[in-house]
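Now for the letters of each chain:
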Amino acid sequence: MLARIAHELFWLGRNLVRAEHTARMLDGVFQADLQGRPDDPTGVTLSWPSILAIMGSEQPEEGTVRRDDVLSTLTLDLDNPASVIACTARAREGARTVRDVLSAEMWEAINTTNMGLLEGDLSARLRTGPYSVYQYVKERSALFWGLTSRTMLRDDASAFLRAGGRLESADMILRMLRVALPPDVAEQEPPTAGIEGALESPTGGAAVRDGQALALLQAVGGFQAFRRAVQGPPDALPVGRFLLYEQNYPDSVAASVSYALDVLQRADDSPRTSEPILRLSRLGADLEFRARGGEAGAGALNATCETVQRELALVDGDIAQRYFAGADYQGTLYA
Amino acid sequence: MTEPATVHDPSDYRPTPGYHDEVYLPDGSPRDYARPMAEELERMGPEQLAAAGRRRDAIFMQQGITFDATGEDGPVKDRPFPLDLVPRIMPGEEWTHIKRGLAQRIRALNHFVDDVYHGREIVHAGIVPWNLIVSRSHFARAVHGIRPPGGVYTHVAGCDLVRDEEGWKVLEDNVRTPSGISYVLENRVAMTRLVPSLFQSYRVRPVDHYPQLLLAALRAVAPSTDDEATVVVWTPGPLNSAYFEHAFLARQMGVELVEASDLVVRDDVLYMRTTSGLRRVHSVYRRLDDDYVDPLEFRPESLLGVPGLVRAYRAGTVAVANAFGTGVADDKAIYHYVPEMVKFYLGEEPILDNVKTYLLSDPEQLEYVLPRLDQLVIKPTSESGGKGVFIGPSTPADELEALAEVLKVEPQKWIAQEVVKLSTVPTSDLDGTVAARHVDLRPFAVFGETIKIVPGGLTRVAMREGSMIVNSSQGGGSKDTWVLEDGEDSDRAEPPDVVRQELPALPDMRYGGWSDQEQQQQQTSTERGRAHACPHRA
Amino acid sequence: MNFQITFTTGYEYDSVVTDNLNALRVRPATTSSQRVDDFHVRIDPETRLHRHTDYFGTEVIEFGIPKPHESMTIDVRARVVTTQSPYPDEASWEAIGAPAYAEAAGEFLMPTGTEPPDALLEEFDQMARATSPLATLLLLCELIPDRFEYKPGTTYVGSTVEDLIRGGAGVCQDFVHLALILLRRQGIAARYVSGYLWAAPQDGGSDSVEVDTHAWLEALLPASGGRGEPVWVGADPTNRILATESHVKIGHGRFYADVPPVKGVYRGGAEAKLAAAVSMTRLDPTTSARA
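Because the structure is predicted, anything quoted here is derived from the model rather than measured. Residue positions within a chain follow its written sequence, with the count starting from 1. To label them, take the chains in the order written and letter them from A, then take the ligands in the order written and number them from 1. Where local features are concerned, this predicted model is filtered to residues with pLDDT of at least 70; where side-chain atom pairs are given and counted, the filter is 80 or more; whole-chain, interface and lining totals use all residues. Just so you know, side-chain values use all the structure's heavy atoms and leave hydrogens and water out.

A.B. asks: Sorry, what's going on with the overall build of chain B here?
C.D. replies: When you go through chain B residue by residue, the secondary structure sums to 12 helices and 24 strands. Residue exposure ignores everything except the shown protein chains as possible cover, and the areas themselves are Shrake-Rupley values with a 1.4 Å probe. Only carbon and sulfur atoms are counted for the fraction: they give 48% of the accessible area of chain B, which is about 21500 Å². Note on conventions: DSSP H or I runs of at least 4 residues are helices, E runs of at least 2 residues are strands, and numbering of each starts at the N terminus.

This is the structure we're talking about:
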């Protein structure tokens, strides 16, 4: 297939997944911010500055980060390429370019999503309660991927669309993990016995990290899956390991890597000499190996995240090199 | 201070004279801790509140957060759970008092259950008559002499509290299978989604860790040497009115939701049937009454249960929450003695009082009550959920006369209580206007290694003016209960030093152009990523 | 007296059943007038037995057969020595008002929720009132068999006292249930007794007889003169007598459901055919002299 089309599909997948994960993250943090945790030190949850860091946005130089500003910047600001609405708009433009390889229903799903976000007074909706906006994005995203499974031929086109989606998913999870489970918090003593009637809890940095891990887990919608897969409380380390390594959880980094590897192998005529495939395959094996090992603490986990994220960036470059390199983009530039 | 802030129009909201209003003082100005909420309500106005109410119903229907009620035209199925969007706010100090009182009470009740099935010391001490205990319908001879793991019987308790002008009192103890906790959690989530602006000026203590507390307690009492204790939630099935909650708790804890047919006892061990054969069960959170748990020991005609379960329980191979036989402690005639239990078992003064109660099995008290039926509340001793309750002042005279005859024949099955002047909280009507409505409170406690109580609990509210009937099955609604994080709570662990988190430097986001990630800068264009001409990655 | 008791229960199922769980209350009690020398239970198919003592002090033997099977046999053997209890003192009605009496009576004085409507009982209340608690007990032992026909098959294990009164016939279990209610209505504590009853051979030849499990009752009678502990006195309204050394007690409760000899459930849709046989043999050397 055309390198240009493959490239568009790859980024269509990435943009849609990014929009959904951003919505999930904002919703999750908003909930956590209002609800808190029994053991939160006041004001520390997966915080608004953290979100800016996850999205690679700049921190304000002075003053505090206001909830409403972050919500609005990362949701509705068309000028901010990281915002939900900008991701969706890019996805819609990309889909328009490759309309002929998508099913009609997939195209309509994207187009309607985009229109739905642009019309009406979204900022008012955001103020009365951002939940409805994020719920909309999540539902539309699920609709698109459902239609992809149901109506799109499983050919090379679908492989690049899905590979893009899964690699973006892995990247977003890694970003969230790196911020939510910082390495620089001193390891804490196990919880001390509480006074009767009080809530026993770990204290200090460990509590912060546990609180953020739970918020993150709930944001990505993996709480029940975690509960069923893992015995024990949703603390930082088990949650981090679950989101990194659990092959049976569809949105874990390891599952995404396996999936992307699988679809690319089918799309590539000579997978044995394909640099991105070889790299993904090594990464998959590495994750499996690490899953069996077990990290000493959340700090070590964070280092793993960083390594994996670096590898994924290389995979990204390899993919561009191998599959998209022949495409000439000059004609579409209008900057 | 200028005009006292009130809702919409000061003339709209008037605390009912003679009743304690938790938000407004008698002069119509809000109490200090409630002022930010009152002001925000005023800012929102009735239209916004009503609109949020419509969104609430849609979301609840979508999520299946419903219940079955008895309407004027018979049973109504699947109505959205009526959450009132005006929260009930409680200062931290007030909560501390309640929490201590409840923990004390639950410890005493747990002692009592143990005593009833073992030494009967409280009987020998002449405090509670043995005849009263054995005549309770939930007294369980089948578990006589059995002491469950950890000596805990009342793992889950949900006592009903009321507040009048004198303060907080206990109206009822629920230590069988109290329900409502799922609504506490769902209400909080819904509130953050529907009216987030109300939270703006408050730090509200969270409630969503309840499933973790419950799971930890169920694991703590499990007779299992490793951490791999298998916990299940046992539901009577989808036809049960609280099935939503059973499924909710199982999902939140990540454990299996089982029915009787999934369970089997072999030798004296409980198992569940799985696709890979029998799997041992260590801890059961059961949501059905003793009568239906084991046809060999309890109601024989009930084949709903798990034959042999009591044997496994007796052998100590499985923990059951709440323990069999705990119902004897939440009988309304036993309730009368709880303050004395606190003194007897714990050597402490009760922190929370009872509502004044008359035991009709005592001829003198019956004598006193009979001519005053129209001023009292008459309750059957073994029912729950407001079933069979007569509220004297609002019951027709002929019904009271008939009731008097029943009381004379079977006085031991009834108690009488003074009518409590339930406190009020502003509550929104369909059109978004607010008015004073009566409320009670059901906090939820979990007893594993220690007693833990989720801040707040289920506030139930009577939706009709002047009504004191708060049961959801009889048209009552609920409110999110906010316990404020206002500093003063000595029971809480010292807050750790706020950790100033160093944020890691992450690679920049990529947008699908041919960017090198080191060169990609914060973009400001609205254009698609690929519109940005960046050098091809070399 | 000295007995060898054999209690065999066989179940034949018309198709395969599994998870057959049972609780037996068959072991003779140890009391001031009764001693158990030997006791065995054997189940076929073979399985593990679990024993405990229930709330009323009766030994319960529980077992389960998880594997598929089409028949089950419960084989109980016991050797028991009984002695005759002394004839009870005659105390006045006033004596049952004493606190010590209420204390000893406990829940055996309370209604159990199985009572028929008052209207059905009133005629008996009149008749049963005699000069003393003991006289009432003896009177009831005559009155009930006079008024009701002993007729197996007219009632079943779950029949109520109301069924007996309306039907006019029943078995020992029904007679006892009625007697218990009538005694309690007179203020006399009374409890249901399950056990085995020796019946002397009709032909006088063999010392081994086929009997059934039997039910009688114990009433709490105050000590005469209001001094001393009240005592539980056995009485058998089916046979119009006070309990004798021929009555071998298993246990007691408020009513039948507290002391059923065999109680079980199984998984499977099969109908069960039951064959139960109790045989008692007198072992005392004195008995052969009687012949």
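A.B. asks: Would you explain the packing of aromatic side chains in this entry?
C.D. replies: In this description, an aromatic ring pair is defined by two values, namely the gap between the centres and the angle between the planes. A pair of aromatic rings is counted whenever rings of Phe, Tyr or Trp (Trp by its six-membered ring) have centres within 6.5 Å, and the orientation is called stacked for planes under 30 degrees apart, edge-to-face for over 60 and tilted otherwise. Tallied over the full model, the rule gives 30 aromatic pairs over all chains. Between the aromatic rings of Phe244(B) and Phe248(B), the centroid separation amounts to 6.0 Å while the plane-to-plane angle is 35°, which identifies the pairing as tilted. Of this pair, Phe244(B) and Phe248(B) are both found in helix α7 (residues 243-253), four residues apart, which corresponds to roughly one turn of the helix. When sorted by exposure, Phe244(B) lands in the same class as Phe248(B), which is buried. Between the aromatic rings of Tyr150(C) and Phe175(C), the centroid separation amounts to 6.1 Å while the plane-to-plane angle is 80°, which identifies the pairing as edge-to-face. Remark: Phe175(C) occurs in helix α5 (residues 172-185) and Tyr150(C) occurs in strand β6 (residues 149-150); sequence separation between them is 25 residues. Here Tyr150(C) falls in the partly exposed class, since its relative accessible area comes to 43%. Any residue under 20% of the maximum accessible area for its type is buried, any over 50% is exposed, and the rest in between are partly exposed; the area is computed with a 1.4 Å probe on protein chains only. Overall, Phe175(C) belongs to the buried group, its relative accessible area being 1%. Taken together, the aromatic side chains of Tyr117(B), Trp130(B), Phe139(B), Tyr55(C), Phe56(C), Phe108(C) and Trp232(C) make up a single cluster linked through ring pairs. A positively charged side chain is recorded as over a ring if its NZ (Lys) or CZ (Arg) lies within 6 Å of the ring centre. The angle to the ring normal must also be within 35 degrees. Stacked on the ring of Tyr368(B), the Lys or Arg Arg372(B) has its end atom at 3.8 Å from the ring centre.

A.B. asks: Before we go on, may I ask you to explain the nonpolar core in this structure?
C.D. replies: As a rule of thumb, nonpolar side chains are buried together in soluble globular proteins. Think of a nonpolar core as a cluster: buried Ala, Val, Leu, Ile, Met, Phe, Trp, Tyr and Cys residues, connected wherever their side-chain atoms sit within 4.5 Å. Counting residues in hydrophobic clusters, the biggest one holds 162 residues, and the most contacted among them are Leu12(A), Leu243(A) and Tyr210(B). Summarising the domain contributions, this core has at least three residues from each of domain 1 (1-206 + 330-352 + 421-489) and domain 2 (224-317) of chain B. In what follows, residue pairs with any heavy atoms lying within 4.5 Å of each other are defined as contacts. Ignoring any residue separated from it by four or fewer positions in sequence, one finds Leu12(A) in contact with Ala91(A), Ala95(A), Val98(A), Leu102(A), Ile110(A) and Leu161(A). Core analysis: the next-biggest nonpolar cluster, separate from the first, contains 126 residues, Ile106(B), Tyr153(B), Cys172(C) and Ala189(C) among them. The domain limits used here are those given by an automatic or database domain assignment.

A.B. asks: I'm lost on the domain arrangement of chain B in this one. Help?
C.D. replies: Buried accessible area, meaning the area lost when the parts come together, often serves as the stated size of an interface. Residues and elements named next belong to chain B. Along its sequence, chain B is carved into domain 1 (1-206 + 330-352 + 421-489), domain 2 (224-317), domain 3 (356-419) and domain 4 (508-538). Computed from C-alpha coordinates alone, the two centres of domain 1 and domain 3 are separated by 24 Å. On the side of domain 3, 16 residues touch domain 1, which itself brings 18 residues to the contact. Buried surface at the junction of domain 1 and domain 3, both sides included, amounts to about 1400 Å², of which 48% is carbon and sulfur. Salt bridges are defined by distance alone: a side-chain nitrogen of Lys or Arg within 4 Å of a carboxyl oxygen of Asp or Glu. Counting across the domain 1 and domain 3 interface gives one salt bridge. The salt bridge involving Lys-379 is made with Glu-172; its shortest N-O contact spans 3.7 Å. Each polar contact in these results corresponds to two N or O atoms within 3.5 Å; when the atoms are within protein, one needs to be able to donate a hydrogen and the other to accept it, and residues that are neighboring in sequence are counted only if both atoms are side-chain atoms. Connecting domain 1 to domain 3 are three residue pairs in polar contact (both at pLDDT 80 or more). Those elements that provide at least two residues to the side of domain 1 that touches domain 3 are β6 (167-172) and α9 (332-335). Each residue receives one of three labels: charged for Asp, Glu, Lys and Arg, nonpolar for Ala, Val, Leu, Ile, Met, Phe, Trp, Tyr, Cys and Pro, and polar for the others, Gly being one of them. Residue composition of the side of domain 1 that touches domain 3, grouped by class: six nonpolar, six polar and six charged. Buried area is calculated as the accessible area (1.4 Å probe) missing from two parts once they are joined, with the contributions of both summed.

A.B. asks: I tried to follow the domain arrangement of chain C on my own but got confused; where do I start?
C.D. replies: Residue and element names in this part refer to chain C. Split into domains, chain C comes out as domain 1 (2-82 + 259-290) and domain 2 (93-258). For domain 1 and domain 2, the distance between their C-alpha centroids amounts to 24 Å. Across the domain 1 to domain 2 interface the summed buried area is about 2400 Å²; carbon plus sulfur atoms make up 57%. Sorting the residues of domain 1 by area buried against domain 2 places Phe-56, Val-259 and Met-280 first, and these three jointly supply 31% of that buried surface. Scanning the region where domain 1 abuts domain 2 turns up zero salt bridges.

A.B. asks: When you look at the interface of chain C and chain B in this model, what are you seeing that I'm missing?
C.D. replies: On the side of chain B, 26 residues touch chain C, which itself brings 20 residues to the contact. Both sides together, the interface formed by chain C and chain B hides about 1900 Å², and carbon and sulfur atoms give 54% of it. Across the chain C-chain B interface, the total number found is six salt bridges. Residue Arg48(C) pairs with Asp267(B) through a salt bridge whose shortest N-O separation is 3.1 Å. Where chain C packs against chain B, one counts eight residue pairs in polar contact (both at pLDDT 80 or more).

A.B. asks: Just checking my understanding: could you explain the sheet that holds strand β18 (residues 414-418) of chain B for this structure?
C.D. replies: Pairing between sheet strands relies on hydrogen bonds along the backbone, with the strands arranged either parallel or antiparallel. All names here are of chain B. When DSSP finds at least two bridges between two strands, those strands are taken to pair. Spatially, β15-β18-β16-β17 is the arrangement adopted by the four strands of the open sheet, whose pairing is antiparallel. The open sheet has two edge strands, β15 (357-359) and β17 (390-391), and neither has a second partner. Pairing of β15 with β18 involves three bridges; the strand directions are antiparallel. Considered in β18, the bridge of Leu-359 is made with Ile-415.

A.B. asks: Looking at this model, I keep getting lost on the packing of helix α5 (residues 104-118) of chain A against helix α7 (residues 131-151) of chain A. Mind explaining?
C.D. replies: For any two helices packed against each other, the geometry is given by the interaxial angle and the distance between the axes. All names here are of chain A. Running from N to C, α5 and α7 point in directions that differ by 170°, and their axes come no closer than 9 Å. In terms of orientation, α5 and α7 fall into the roughly antiparallel class. Along the contact surface, α5 presents Glu-105, Met-106, Glu-108, Ala-109, Ile-110, Thr-112, Thr-113, Gly-116 and Leu-117, while α7 presents Val-133, Tyr-136, Val-137, Arg-140, Leu-143, Phe-144, Leu-147, Thr-148 and Thr-151. Each residue belonging to the contact of α5 with α7 can be placed in one class, and the counts come to 10 nonpolar, five polar and three charged. Axis definition: a line fit to C-alpha positions, over the contact stretch in the case of helices; interaxial angles, taken between N-to-C directions, run 0 to 180 degrees. Roughly parallel means an angle under 35 degrees; roughly antiparallel, over 145; roughly perpendicular, 65 to 115; everything else is oblique.

A.B. asks: Can you help me understand the confidence of the model for chain C in this one?
C.D. replies: One rule of thumb: low pLDDT means the predicted coordinates there are not for detailed reading. Confidence of the predictor in every single residue is expressed as pLDDT, which spans 0 to 100. Overall, the prediction assigns chain C a mean pLDDT of 90, with 95% of residues at 70 or greater. Of the two predicted TM-score estimates for the complex, the pTM is 0.84 and the ipTM is 0.89.

A.B. asks: Just to check I follow, could you spell out unusual backbone geometry for this structure?
C.D. replies: Most peptide bonds take the trans configuration, and most residues that are not glycine carry a negative phi. Residue Asn322(B) follows Ala321(B) across a cis peptide bond; omega there is -10°. Topologically, Asn322(B) is positioned in the loop between β13 (319-321) and α9. The residue Asp267(B) is not glycine, and still its phi comes out positive at about 55°. With respect to the helices and strands, the residue Asp267(B) is situated in the loop between β9 (263-266) and β10 (269-274). In this structure, Asp19(C) takes a positive phi of about 45° despite not being glycine. Residue placement: Asp19(C) occurs in strand β1 (residues 2-24).

A.B. asks: So what exactly am I meant to see when it comes to the pairing of strand β8 (residues 190-197) of chain C here?
C.D. replies: Within a regular beta strand, the side chains point alternately toward one face of the sheet and then the other, so they alternate between its two faces. All names here are of chain C. For β8, the buried fraction is high: eight of the eight residues fall into the buried class. Pairing of β8 with strand β10 (residues 213-221) involves seven bridges; the strand directions are antiparallel. Residue pairing across strands places Arg-191 opposite Glu-218, the latter belonging to β10. In terms of strand pairing, β8 meets strand β13 (residues 247-253) through six bridges, oriented antiparallel. Across the sheet, the residue bridging to Val-193 is His-252, located in β13.

A.B. asks: I would appreciate a short explanation of the confidence of the model for chain B in the present structure.
C.D. replies: Residues and elements named next belong to chain B. Confidence in the prediction of chain B, expressed as mean pLDDT, is 85, and 86% of residues score 70 or more. Between the elements of chain B, mean pLDDT differs from a low of 66, seen in strand β1 (residues 66-71), to a high of 97, seen in helix α10 (residues 338-346). Across residues 1-8, confidence stays below pLDDT 50; counting only partners more than four residues off in sequence or on other chains, it has 22 contacts. Counting interchain partners and residues more than four positions distant, the pLDDT-below-50 stretch residues 489-500 has 23 contacts.

A.B. asks: Help me understand the pattern of salt bridges in this model?
C.D. replies: For side chains of opposite charge, pairing can occur when their charged atoms come near one another. Following the criterion strictly, the structure yields 62 salt bridges over all chains and no others. Put simply, Arg18(A) and Glu168(A) hold a salt bridge, and the shortest N to O gap is 2.7 Å. Of this pair, Arg18(A) sits in helix α1 (residues 3-35) while Glu168(A) sits in helix α8 (residues 156-180), placing them 150 residues apart in sequence. Of the residues examined, Glu168(A) reaches a relative accessible area of 0% and is grouped as buried. As a salt-bridge pair, Arg314(B) and Glu297(B) come within 3.1 Å of each other at their nearest N and O atoms. Here Arg314(B) is found in helix α8 (residues 309-315), whereas its partner Glu297(B) is found in the loop between β12 (283-286) and α8, with 17 residues between them in sequence. One network of salt bridges, with partners in common, ties together Arg14(A), Arg18(A), Glu168(A) and Asp316(A).

A.B. asks: Can you walk me through the sheet that holds strand β21 (residues 445-447) of chain B in this structure?
C.D. replies: Residues and elements named next belong to chain B. The three strands lie next to each other as β4-β21-β22, forming an open sheet whose pairing is antiparallel. Every interior strand has two partners, whereas the edge strands, β4 (156-157) and β22 (451-453), have only one. Sheet topology places β4 next to β21; two bridges connect them, and they run antiparallel. Pairing of Ala-157 across the sheet is with Ala-445, part of β21. Across the sheet, helix α2 (residues 92-116) is in contact with β4, β21 and β22; its angle to β22 comes to roughly 140°.

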